[in-house]
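Coordinates in review
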Amino acid sequence: MSHCTGAPAEQLAEQYVAGTLPDSESRAFEEHYFDCPVCLAQLQALEAVALQIHRNPVKIPGRVIAWPAIVGAIGAIAALLLIAVIGYRDFARRAANAKNPGASSSPVEKSKPSSTSAISQLADLSLPPFEVSSLRGEGVNRNFSAGMKAYASGDCAAAVRELARVPAGSADALTAQLYSGVCQMKLNQLAAAATILDGVVGKGDSPQQEAALYYRAQIALLRSDAAGARHNLEMVVSLHGDFEERARTELSKLPADRSEN
Amino acid sequence: MNSERQGSLSQEETQQSERMVRAIADGDRDAEWDFVQRYLRPVRGMLVARSRNPDLAADLQQDVMIEAICALRRGQLHDPAKLTAFVLAIARNTLNNYLRTSSRTVALELPDDLPDVNSESDRLEEQEWEGRALKAISSLEPLDRNILQLTLIDGLKPGVIAERLHLNPDVVRQRKLRATRRVIELVQGPSQKGISSHIVTEGAK
């Protein structure tokens, strides 16, 4: 009979379900709940909740507290005043430039996010292009072909299903893995996406390595993991490939290197 | 968690595991059914958590159970006390192989007398859980639902959520804790209510 009161699940299940619990702790928790019905029941309940939230997501506003009407009115007036001041200053600056065209205008500073939530907004979620016509002729795997057609039409769920059936040893396996990882990212399955893309990166020098590193960085950004994003983006830059410029742009927008939350 | 773990598997349960392993190796089909009953849920829980894909988890749980039973029939587990570690290792390998290769490893020759790991009653029970989970999240205040979504789906920490929702981090932590306990209690239903309320009491200490 188990003597557990459910405290391990109380402490760890939430992070475990969210995929943010470190691997060593995940393993220890698994060894526990495999033999503990109390913690297993809590975990299953939380997984069921996470599944329903995932299936029925709500749009999360930037501010959820309803402001009283008076505050809203004051805000509107303040906004109008601000626009007027900015407009006046812009007008004055243009006028000054017109009088003194040799004077250089102040350099435009790239805005760097100061908060971790802003970091996630840097993530590039655009899918890398793939031309269906570029599929080879008779030698191409049937599932790979179907998967990439689904991918090209934007149906990530179908793409993941088909690409999962591409045999591991086939010529298209690594490409299938890359696009499967990108699709998982698009579907917000970040833990699975990270593992798949890590697998591509782990294969070493390959045509898919750079893209895998770039999208691995995007996953880190989505998780507000600036250090992880920087690490992967720097590796992308070092490869000097198609993603170099985008990686440099994102690096320039990341906040200065400091310890994470 | 260590002090909790020490009591999680009693000597009696260890002996049960040993009997089960020996019985499966001796060809006892009832023991295989007992094995499925004992490990199917934790295996599924692990696969769902790590893949975040219930459909994939449903497929892979079959692969895990089949591989485990076939290995036990062949007598490959030499220390029956390590049955749980053995099943966990198979589950992790199966999932990692899938994630590495994006393809399932299906045994070429499946024995035709394996127990059914996807019974109709399990499916019905799962649907029941899903229904209760949907009711549970529907019963939450919008703010609490937002906090749970940002926590469980986006994996954000209370500090980040607080910043995004313009709230105090302590408020987020409190609301998250209360909402999590509430939904777990609602999903577990009346049969588990005793356990759940006990957990809340312990956790609040």
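Residues numbered from 1 in each chain as written. Chains lettered and ligands numbered in written order. Predicted model: local features only at pLDDT ≥ 70, side-chain atom pairs only at ≥ 80, totals over all residues.

Take the overall build of chain A next. Within chain A, the regular secondary structure consists of twelve helices and zero strands. Written out in order from the N terminus, the α and β elements of chain A read α-α-α-α-α-α-α-α-α-α-α-α. The buried share among the 261 residues of chain A stands at 40%. For chain A, the share of sequence-separated contacts (at least 6 apart) that also reach a separation of at least 24 residues comes to 52%. (Helix = DSSP H or I, 4+ residues; strand = E, 2+ residues; numbered from the N terminus. Buried ≥ 20, exposed ≤ 12 C-beta atoms within 10 Å, placed from the backbone. Contact = placed C-beta atoms within 7 Å.)

All names here are of chain A. Structurally, Asn 143 is set in helix 6 (residues 142-152). Since 20 C-beta atoms lie within 10 Å of it, Asn 143 is described here as buried. Not counting residues up to four positions away in its chain, the partners in contact with Asn 143 are Glu 162, Leu 163, Arg 165 and Val 166.

This part is about the environment of B:Val183. With respect to the element layout, B:Val183 can be found in helix 9 (residues 169-204). Residue B:Val183 is classed as buried on the basis of its 28 C-beta neighbours within 10 Å. Not counting residues within four places of it along the chain, the set of residues in contact with B:Val183 comprises A:Val49, B:Ala136 and B:Ile137.

Below, the discussion takes up the packing of helix 3 (residues 37-55) of chain A against helix 7 (residues 142-153) of chain B. Two elements in contact, helix 3 of chain A and helix 7 of chain B, have axes whose closest approach is 10 Å; the angle formed by their N-to-C orientations is 105°. Classified by the angle between their axes, helix 3 of chain A and helix 7 of chain B sit roughly perpendicular to one another. Counted together, A:Ala50, A:Ile53 and A:His54 of helix 3 of chain A and B:Leu148, B:Gln149, B:Leu152 and B:Ile153 of helix 7 of chain B form the full contact between these two elements. The class makeup of the residues in the contact of helix 3 of chain A with helix 7 of chain B is five nonpolar, two polar and no charged. (Axes fitted to C-alpha atoms, helices over the stretch in contact; angles between N-to-C directions. Parallel < 35°, antiparallel > 145°, perpendicular 65-115°, else oblique. Nonpolar A, V, L, I, M, F, W, Y, C, P; charged D, E, K, R; others polar.)

In this section: the interface of chain B and chain A. Contact residues are listed per partner, giving 62 residues for chain B and 68 residues for chain A. Within the residue set of the side of chain B that touches chain A, elements represented by two or more residues are helix 1 (2-6), helix 3 (29-51), helix 5 (83-101), helix 6 (120-138), helix 7, helix 8 (158-165) and helix 9 of chain B. No other element matches the eleven residues that helix 9 of chain B contributes to the side of chain B that touches chain A. Residue classes in the side of chain B that touches chain A are distributed as 29 nonpolar, 21 polar and twelve charged.

The subject of this paragraph is helix 2 (residues 11-25) of chain B. Residue and element names in this part refer to chain B. Between its first and last C-alpha atoms helix 2 spans 21 Å; for 15 residues at 1.5 Å apiece the expected length is 21 Å, and the two agree. Buried residues of helix 2: Ser 17, Met 20, Val 21 and Ile 24, and no others. End-on, the buried residues of helix 2 take up no more than an arc of 95°, which puts them together on one face. Structural note: helix 2 exposes Gln 11, Glu 12 and Gln 15 on the side pointing more than 90 degrees away from its buried face. Where helix 2 is buried, its residues meet helix 3, helix 4 (54-73) and helix 5. (Expected span 1.5 Å × (residues − 1). Arc of directions from axis to C-beta.)

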